[in-house]
Each structure stands twice: as C-alpha cells, then as structure tokens.
Amino acid sequence: MIQKISIREFLEKAENLPLIDVRSPSEYIHGHIPGAVNIPLFDDHERAILGTLYKQKNRDTAIMKGLEIAGPKMTSLVKQAKRIMTGNSLLMHCWRGGLRSESMGWLFQTSGLTCLILNGGYKSYRHYIREQFAEVKDFLILGGLTGSGKTSILKELSKLGQQTIDLEEIAHHKGSAFGSLAETDQPTNEQFENNLFEKWKRFNPARPVWLEDESMAIGSVFIPDEIFKQMRNSHVISVDMDLMIRIKRLEKEYASFPASLLKDSIGKIHKRLGNEKYRVATEAVDQKDFQTAIRIILHYYDKTYLFGLNRRNPGKIHKIKLQTDDPAKNAKIILDHARMMILSDGLSI
C-alpha cells in the first residue's frame, strides 16, 4: 500500500529526498513547490481531453482513456524518476493527492521504488503556507527614501547574522517604474509566495525578521495579505540620507542602461510627473545629464514614500540620519539602534 504523509512530514523529508510533481506542465509553471521536478502523468492537451470526458461522459470513461494514454509512457516515466534519484525513495504529489499521484505511485513502487505521497496534494501545501504566513512574526522594517541603499544594507544585516528577507530579490523586481531593469522575468504570484515560504520556513520564530519597506505590489506580484498587514504594524527604522548621496548612488546604478529603456521607465510615471517634468527628465537622459533626471524623479518618489510613512503609527517610526553610502557601516549603525530600540521588548537580535 502506498503511504500518504502530512504536509509537515512531507516538507521535512523534502530536505533530503527527490520530489516529483506529477501535474501537467502548465499547472507546474503556474506554481510548484521549490525543488520539485515535473514528471507529468498527462500533458496539458491530454489533461484537457480527460477533463472533457469526465464532464461530458463519466468518471469511468475518463479513467479508461487515461489508462490508454498513460500505458505507452510507463517505461519513460520510471526512467525519468530514476534519473533524479540518489537512493531508493522519493516524494510525490499531484493537485489533491488523488488519482494521478496514486497511479504514478503504483507504477514507481511496482518498479521497485519507495514512494511517499503528499496527503491532500499541492492544494494542502498552498493551504499550509498561507497558515504559516498568518502566524505572528516580529518584523523590523527597513525604510528610507529611494536611493538610500536599503537593499544593500539588508544584505549587510544578513552578513551580521540577522534574519532577512529580500522581497525584491524573490520578486525579480525592484519595486519602482525602473524595477524590471536587469531583472529576469517575474514569477507568477503563486510561485512568488512559494519561493517566499522557502525562505520563511527556515527562520527562528524567537528572533525578528528584517524586511525592506515595500508597497503591497512589487511589479506584477503581491506580498501576501497576512504578511503585509504585519509589516504595516511593525517598527520601522527609516534611514535619512543626503539627497546628493542618493542621486550619486542611483546614477551609478542606472546610468549604464540604454537611454531607450530609461525613458520607457520614466514613461510609466509620466502622468504623475506631469508633462513638463517628464519632458525635462527624458531630455536630460538623452543628454546624459542623469543627475537632473534623477532629481526630478526622486521628487515624485520621495513624496510618495513620505505619504505612506505618515500613515503609519508615529510611535513605531524611528529615524536615523546616515552620513555615508557605505552599506556595511550603515548596517552596523542601524543594528545598534535597533538593539537599543527593542531592548524593552525582550527580543534577541
């Protein structure tokens, strides 16, 4: 008999055992457990045929057609599974932990492999991670105006032993109109959540987690409601850095991009800038006067950030003036401030 295991046990075993997702390729692309290998029992076209038969005929007709389709594939499916195995055991799931995974489980076990199936399938995984996101975490939010180097500071905090999540890295987007530059395609929203949980599950719940202050949307993906609500109610350490330091940092980061890409990005905030500022900014890019363009764009982003900051609980906003653009030095300053700030909360950071 094929053994079915809970999502908790499944994820624990997934640290050491190969994981096979037997759903169709399109289901897998839409969202999958990180590390899972897709070995579909049916491709998208075959799945559509079976779904139509199930609805228009009956379950038995669909099952018989499924057997007809799957029969010639059996040898290939076993060979694919064996290619990813290091031992004799594997994990497997479909959508609900039903017929597809049970059928593949029977095939693999008949071939001498030990197969453990996720009870409730991928659907139970999705339910589980949303439950985990809803559990209260102690967040420390790193805020500050655009160009303050928050992402670089976050990386330095990680080097100092802090628990950090770089939401922009997971989203493949920097969160602004320029956020897609030099980034790979964004994941689906579902896959973004799955990848986020991969980081989330490894944290010590007794210690706070640092996140950069973000809008709910990061490009085309969204921070889960359960996390975003906690972020908005958390302490914010908002860094204050001289405008010229920020301009030079952004110039170094973006001036190497083609003018056409920069102007396309500016075009995304054309209405918010207004016609005149948009014209001056794009002409400045053409003339390689990047500092003028950045100054104009920062005026808009600074206003937007301060508006959002002022909607937070003022008692949870802690401002720090930074005199340098050195992320390592700034991380130490921020960490020292945070340790003093939350000492009374009894947290260990």
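These notes cover the structure that comes with them. (Residues numbered from 1 in each chain as written. Predicted model: local features only at pLDDT ≥ 70, side-chain atom pairs only at ≥ 80, totals over all residues. Heavy atoms only, no water.)

1. Points about the packing of aromatic side chains
Then, in step 1: Per the counting criterion, the structure on display carries 10 aromatic pairs.
Then, in step 2: On the basis of an interplanar angle of 75° and a centroid distance of 6.2 Å, the ring pair of Phe133 and Phe197 is categorised as edge-to-face. Of this pair, Phe133 sits in helix H7 (residues 121-134) while Phe197 sits in helix H10 (residues 189-200), and the two are 64 residues apart along the sequence.
Then, in step 3: Among the residues examined, Phe197 registers a relative accessible area of 2% and is labelled buried.
Then, in step 4: Judged by centre distance (6.0 Å) and plane angle (35°), the ring pair of Tyr254 and Phe257 falls under tilted. A single burial state applies to Tyr254 and to Phe257, both of which are buried.
Then, in step 5: Cluster of aromatic residues (ring-pair linked, three or more members): Trp95, Tyr122, Tyr125, Tyr128, Phe133, Phe139, Phe197 and Trp200. (Phe/Tyr/Trp six-rings, centres within 6.5 Å; stacked < 30°, edge-to-face > 60°. Helix = DSSP H or I, 4+ residues; strand = E, 2+ residues; numbered from the N terminus. Buried < 20%, exposed > 50% of the residue type's maximum accessible area, 1.4 Å probe, protein only.)

2. A word on helix H4 (residues 59-70)
Then, in step 1: Over its 12 residues, H4 extends 16 Å from the first C-alpha to the last, a length consistent with the 16 Å expected when each residue adds 1.5 Å.
Then, in step 2: Ala62, Gly66, Ile69 and Ala70 are the residues of H4 that are buried. Buried residues along H4 cover an arc of 85° about the axis, so they all sit on one side. Along H4, exposed side chains directed more than 90 degrees from the buried face belong to Asp60, Met64, Leu67 and Glu68.
Then, in step 3: Next to the buried residues of H4 lie helix H3 (44-56) and helix H5 (74-83).
Then, in step 4: Among the residues of H4, the N-terminal cap falls to Asn58, whose side-chain oxygen and the backbone nitrogen of Asp60 are separated by 3.3 Å. (Expected span 1.5 Å × (residues − 1). Arc of directions from axis to C-beta. Contact = heavy atoms within 4.5 Å. Polar contact = N/O pair within 3.5 Å; in protein donor to acceptor, adjacent residues only side chain to side chain.)

3. Details of unusual backbone geometry
The phi angle of most residues is negative, glycine excepted, and most peptide bonds adopt the trans form.
Then, in step 1: The phi dihedral of His172 is positive, around 55°, even though this residue is not glycine.
Then, in step 2: Here His172 is to be found in the loop between helix H9 (167-171) and H10.
Then, in step 3: The phi dihedral of Lys288 falls on the positive side, at around 60°, and the residue is not glycine.
Then, in step 4: Within the secondary structure, Lys288 sits in the loop between helix H15 (275-286) and helix H16 (290-309).

4. Section: the nonpolar core
Then, in step 1: Membership of the largest hydrophobic core comes to 40 residues, with the highest contact counts inside it found for Tyr125, Ile165 and Leu167.
Then, in step 2: If we ignore the near neighbours within four places in the chain, the residues touching Tyr125 are Ile7, Leu11, Ile33, Pro34, Leu118, Asn194 and Phe197.
Then, in step 3: Counting 22 residues, the second-largest nonpolar core is a separate cluster that includes Leu181, Leu250, Ile266 and Ala284. (Core = buried A, V, L, I, M, F, W, Y, C linked by side-chain atoms within 4.5 Å.)

5. Looking at the environment of Tyr122
Then, in step 1: Its location among the elements puts Tyr122 in helix H7.
Then, in step 2: For Tyr122 and Ile7, which are 115 residues apart along the polypeptide, the C-alpha to C-alpha distance reads 9.2 Å.
Then, in step 3: Once you skip the residues sitting within four places of it in the chain, Tyr122 turns out to touch Arg23, Gly31, His32, Ile33, His93, Cys94, Trp95, Glu190 and Asn194.
Then, in step 4: Here the side chain of Tyr122 touches Glu190 through a polar contact of 2.6 Å, side chain to side chain.

6. Some words on the side chain of Gln132
Then, in step 1: Topologically, Gln132 is positioned in helix H7.
Then, in step 2: If we ignore the near neighbours within four places in the chain, the residues touching Gln132 are Arg8, Phe197 and Trp200.

7. Some thoughts on the packing of H3 against H4
Then, in step 1: At a minimum axis distance of 7 Å, the contact between H3 and H4 shows a crossing angle of 155°. The angle between the axes of H3 and H4 places the two elements in the roughly antiparallel class. Like other packed secondary-structure pairs, H3 and H4 cross with a definite hand, here right-handed. For the pair H3 and H4, the contacting residues are Glu46, Ile49, Leu50, Leu53 and Tyr54 in the first and Arg59, Thr61, Ala62, Lys65, Gly66 and Ile69 in the second.
Then, in step 2: Here the contact of H3 with H4 is built from residues that sort into six nonpolar, two polar and three charged. (Axes fitted to C-alpha atoms, helices over the stretch in contact; angles between N-to-C directions. Parallel < 35°, antiparallel > 145°, perpendicular 65-115°, else oblique. Left-handed = near helix turned anticlockwise from the far one by under 90°. Nonpolar A, V, L, I, M, F, W, Y, C, P; charged D, E, K, R; others polar.)

8. Notes on the pattern of salt bridges
Then, in step 1: Taken as a whole and judged by the stated rule, the model has 25 salt bridges.
Then, in step 2: A salt bridge links Lys65 to Glu68, with the shortest nitrogen-to-oxygen separation between them at 3.3 Å. In this pair, Lys65 and Glu68 are both assigned in helix H4, three residues apart and thus about one turn of the helix distant.
Then, in step 3: A relative accessible area of 26% places Lys65 in the partly exposed class.
Then, in step 4: For Glu68, a relative accessible area of 54% gives the class exposed.
Then, in step 5: Residues Glu198 and Lys201 are paired through a salt bridge, measuring 3.3 Å at the closest nitrogen-oxygen approach.
Then, in step 6: The partly exposed category is assigned to Glu198, whose relative accessible area is 22%.
Then, in step 7: What makes Lys201 partly exposed here is its relative accessible area of 29%. (Salt bridge = Lys/Arg side-chain N within 4 Å of Asp/Glu carboxyl O.)

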